[in-house]
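# Tertiary structure, described
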Amino acid sequence: MERVIRKQEADTFIENLYKELGKTSKEIAERLSQIHEELDEKGYYEHTYEELSYGAKLAWRNSNRCIGRLFWERLEVIDARHAARSEEVFTYLLHHIRNATNHGKIKPMITIFQAEIHGDRQVKIWNHQLLRYAGYETENGIVGDPASVAFTKECLKLGWVGEGTSFDLLPLVVQIGGHDPEFMEIPMEYVMEIPIEHPDFSLFGDLAVKWYTVPIISDMRLEIGGIDYVTAPFNGWYMGTEIGARNLADEGRYNLLPLVAKQMGLETKHESTLWKDRALVELNAAVLDSFKKYGVSIVDHHTAAKQFKVFENREQKTGRKVTGNWTWLIPPLSPAVTHIFHKPYDNHVQKPNYFYQKNYYV
């Protein structure tokens, strides 16, 4: 049954892809014949680089939760399917961090490692994102990012030692086959971090707040034509609200709104003063201003919504239907002033696509 499903998935992918690329019916038939032969012999097939690269781009175009899909064709695809040793994998990950950062001119990029074959996951990355701050449980509460507490504990078990600050960069953790996981500290010359400061006043008192420049998601599964690439870290650039309205503001994350409100002299006893709203706006203004001051790519949520509208119009002209998850597409700050808030979206999942999968350390 699995082979039949995989053959169906492969047929659909190749037929759609090759037509979109302008290939002939003969070329489609020949490629499908090759794939069917591979599936009959091995139970799986291997993508050409063209199929792998365009498939990854289509997965971004089909990502219902992503507001930044206008730039799907600009995704740079790195083929790392041959990497089999931890040293090779770490090298590719450092290459990804450095080249995606691109001195602040962030490049959309994905590095694709070996596919899952007959349930075997040869290369596994334990990190949620390649760049992420640690979270430590202490007697006085959590220091750092509460979302990272469980993974931080695993890193400590492996022998990693952090400095115990609010913004300790976690190491890369890689597991090859059935071997024990290994960690590597990321050399700081590969990482670009931005001090978050407001242009007009101090928002954080004595707390030195910063954030890394590239959100490289590393724990999702990329599915292309029935083949699962369980290790395929990818990134775009930040929308400011991801940092200012979620990472730094959420109660379950850095929870900085009470501190910001205090620094602004806001009355916080009553919700009706809208102190959270006012603090949230200034926190997001600080994030955007800080990134721009250091020349790092970032987009505000108003511009991102307008870019998504351009994407919708382009897809409509090609005859493709835009799917989307409304609850994710609307920005967490002032969503009602974007066009997205006022229209429905079909949340039907199209493939290729990216999917969540369980953490390896749970």
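Structure: above.
Bear in mind that the values here come from a model prediction, so they are computed numbers and not experimental data.

Moving on, we come to the overall build of the protein chain. Broken down by element type, the protein chain carries ten helices and 16 strands. Its C-alpha radius of gyration of 22 Å places the protein chain within 12% of the 21 Å reference for a compact globule of 362 residues. Across the 362 residues in the protein chain, those meeting the buried criterion constitute 51%. Considering only contacts within the protein chain whose residues lie at least 6 apart along the sequence, 68% involve residues at least 24 apart. A distance of 5 Å separates the average location of the 42 positive side-chain charges in the protein chain from that of its 50 negative side-chain charges.

Attention now goes to the side chain of E38. Take E38: it is sitting in helix α2 (residues 25-42). The contact partners of E38, leaving out residues within four places of it in the chain, are R31, G43, Y44, Y45 and E46.

Tallied over the entire structure, the rule returns 17 aromatic pairs. Seen in terms of ring centroids, F167 and Y254 are 5.0 Å apart; in terms of plane orientation they differ by 5°. Their pairing is stacked. Taken together, the residues span a long stretch of sequence, with F167 in the loop between α5 (149-157) and β6 (172-176) and Y254 in the loop between α6 (240-247) and α7 (257-264) at a distance of 87 residues. No difference in accessibility class separates F167 from Y254, as the two residues are buried. Taken together, a centroid distance of 6.4 Å and an interplanar angle of 85° make the contact between Y238 and F291 edge-to-face. One end of the pair, Y238, is in strand β14 (residues 238-239); the other, F291, is in helix α8 (residues 275-293), with 53 residues separating them in the sequence. Connected via pairs of aromatic rings, a cluster forms that spans Y133, F167, W211, Y212, Y238, Y254 and F291. Against the face of Y360 rests K124, its NZ or CZ located 5.7 Å from the ring centre.

Attention now moves to the environment of I330. Here I330 lies in the loop between α10 (326-329) and β16 (353-356). Classification of I330 by relative accessible area gives buried; the value is 15%. Between the C-alpha atoms of I330 and K105, which are 225 residues apart in sequence, the distance is 25 Å. In contact with I330, not counting residues within four places along its chain, are P335, I340 and F341.

Two numbers describe how α7 lies on α8: the axes approach to 9 Å, and their chain directions differ by 90°. By the angle between their directions, the pair α7 and α8 is classed as roughly perpendicular. Residue-level inspection shows L257, P258, V260, A261 and M264 of α7 in contact with α8, the latter providing W275, K276, R278, A279, L280, E282 and L283. Among the residues forming the contact of α7 with α8, the class breakdown is nine nonpolar, no polar and three charged.

Cut-offs applied
Residues numbered from 1 in each chain as written. Predicted model: local features only at pLDDT ≥ 70, side-chain atom pairs only at ≥ 80, totals over all residues. Heavy atoms only, no water. Helix = DSSP H or I, 4+ residues; strand = E, 2+ residues; numbered from the N terminus. Rg over C-alpha atoms; globule rule 2.2 N^0.38 Å. Buried < 20%, exposed > 50% of the residue type's maximum accessible area, 1.4 Å probe, protein only. Contact = heavy atoms within 4.5 Å. Lys, Arg positive; Asp, Glu negative; His and termini not counted. Charge placed at Lys NZ, Arg CZ, Asp CG, Glu CD. Phe/Tyr/Trp six-rings, centres within 6.5 Å; stacked < 30°, edge-to-face > 60°. Lys NZ or Arg CZ within 6 Å of the ring centre and 35° of its normal. Axes fitted to C-alpha atoms, helices over the stretch in contact; angles between N-to-C directions. Parallel < 35°, antiparallel > 145°, perpendicular 65-115°, else oblique. Nonpolar A, V, L, I, M, F, W, Y, C, P; charged D, E, K, R; others polar.

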